[in-house]
Amino acid sequence: MFGLSQIARHARRWHANHKRAVMERTLLDLPLELQKDIGWQAPRDHVSGNTTRAEILARPML
């Protein structure tokens, strides 16, 4: 049965994810030098771990 405890758990999870996203946006808005000083990781260019496929798709077709 879908009870109040499950609704509360989903609401807490959504709230935590929302707070994390706000914090990440705030830190990414800071200058790069300041991000390095506080130890924030540089944004990744490629999220996918499959680089060979990305390289194949990025090549122009002649």
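Here the residue numbers are simple positions, counted from 1 along each chain's written sequence. A pLDDT threshold of at least 70 governs which residues receive local features in this predicted model, and a stricter bar of 80 or more applies before side-chain atom pairs are shown or counted, although totals over entire chains, interfaces and linings include all residues. Side-chain calculation: all heavy atoms of the structure are included, whereas hydrogens and water are not.

Undergrad: Please clarify how the overall build of the protein chain should be interpreted in this entry.
TA: Helix and strand content of the protein chain: three helices and zero strands. Reading the helices (α) and strands (β) of the protein chain from amino to carboxyl end gives α-α-α. Exposed residues in this analysis have more than 50% of their type's maximum accessible area, buried residues have under 20%, and partly exposed residues fall in between, with area computed by a 1.4 Å probe over protein chains only. Counting every position in the protein chain, which comprises 62 residues, the buried fraction comes to 3%. Computed with a 1.4 Å probe, the accessible areas rest on the Shrake-Rupley method; for each residue, only the protein chains presented here act as cover. Element-wise, carbon and sulfur atoms account for 60% of the exposed surface of the protein chain, whose accessible area totals about 6200 Å². Every helix listed is a DSSP run of H or I at least four residues long, and every strand listed is a run of E at least two residues long, numbered separately from the N terminus.

Undergrad: When you look at the side chain of glutamine 35 in this model, what are you seeing that I'm missing?
TA: Residue placement: glutamine 35 occurs in helix 2 (residues 32–38). Classification of glutamine 35 as buried rests on a relative accessible area of 4%. In this structure, glutamine 35 is in contact with Leu27, Leu28, Asp29, Leu30 and Trp40, ignoring residues within four places of it in sequence. The contact criterion used is simple: two residues touch if any of their non-hydrogen atoms lie within 4.5 Å.

Undergrad: Would you take a moment to explain the confidence of the model for the protein chain for this structure?
TA: In low-pLDDT segments, the atomic positions of the prediction should not be examined closely. A residue's pLDDT is the confidence the predictor assigns to it, expressed on a 0 to 100 scale. Counting all residues, the mean pLDDT for the protein chain is 77, and 65% of those residues have values of 70 or more. Predicted confidence in the protein chain is weakest over helix 3 (residues 51–58), with a mean pLDDT of 52, and strongest over helix 1 (residues 4–28), with 93.

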